[in-house]
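Observations on the model geometry
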Amino acid sequence: MWQTYIFGMHWRHGGKMYYDELTAASQEEAAGYFIDHMRDDVSLVRVELVGPDEPGTREYAHSPVSPFSPLMARRRLDKDEDAR
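Now for a quick tour of the structure. As the structure is a computational prediction, the values presented were derived from the model and not from experiment.

Some thoughts on the overall build of the protein chain
When its secondary structure is counted, the protein chain shows 1 helix and 3 strands. Split into buried and exposed, the 84 residues of the protein chain put 27% on the buried side. With the model as given, the accessible surface of the protein chain reaches about 6600 Å², and the carbon-plus-sulfur share is 52%.

Here it is in structure tokens:
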């Protein structure tokens, strides 16, 4: 059985500390994902185990500032995609 855990991600932006939670199989996987996807002006401070991931039992906290860059859609806007 595949087991995932919830990890608390403590990160810094603009001199303020923030906290978010990520689901991953290991602490290294959670830290790697955060580091690979974080913005340039964000730094990861600490990763801690919160507990096992039990879907539907937790409500995730969301920081007022997102540590991740917004995803950019790679779509062509110069022509109608639905036209055949």
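Once the structure has been displayed, the description carries forward.
Observations regarding the sheet that holds strand β1 (residues 5-13)
Here we have 3 strands laid out as an open sheet, ordered β2-β1-β3, and antiparallel in their pairing. In this open sheet, the two strands that pair with only one neighbour each are β2 (16-24) and β3 (42-52). Neighbouring strand axes in the sheet, compared pairwise and without regard to direction, differ in orientation by 25° on average. Relative to β2, β1 is paired through 9 bridges, and the arrangement is antiparallel. The residue of β2 that forms the bridge with Y5 is A24.

Section: helix α1 (residues 27-37)
Listing the buried residues of α1 in full gives A30, A31 and F34. Buried residues of α1, viewed axially, fall in a sector of 95°; they line one side. Looking at α1, the residues exposed on the side facing more than 90 degrees away from the buried face are E28 and D36. Looking at the packing, one finds that the buried side of α1 touches β1, β2 and β3.

Points about the nonpolar core
Judged by nonpolar contacts, F7, M9, W11, Y18, L22, A24, A30, A31, F34, V42 and V47 together constitute the single largest core of 11 residues. Those elements that place two or more of their residues in this core are β1, β2, α1 and β3. Excluding residues within four positions of it along the chain, L22 makes contact with Y5, I6, F7, M9, A30, Y33 and F34.

Reading guide: rules and limits
- Residues numbered from 1 in each chain as written.
- Predicted model: local features only at pLDDT ≥ 70, side-chain atom pairs only at ≥ 80, totals over all residues.
- Heavy atoms only, no water.
- Helix = DSSP H or I, 4+ residues; strand = E, 2+ residues; numbered from the N terminus.
- Buried < 20%, exposed > 50% of the residue type's maximum accessible area, 1.4 Å probe, protein only.
- Areas by Shrake-Rupley, 256 points an atom, 1.4 Å probe, with all protein chains shown as cover.
- Pairing = 2+ DSSP bridges.
- Axes fitted to C-alpha atoms, helices over the stretch in contact; angles between N-to-C directions.
- Arc of directions from axis to C-beta.
- Contact = heavy atoms within 4.5 Å.
- Core = buried A, V, L, I, M, F, W, Y, C linked by side-chain atoms within 4.5 Å.

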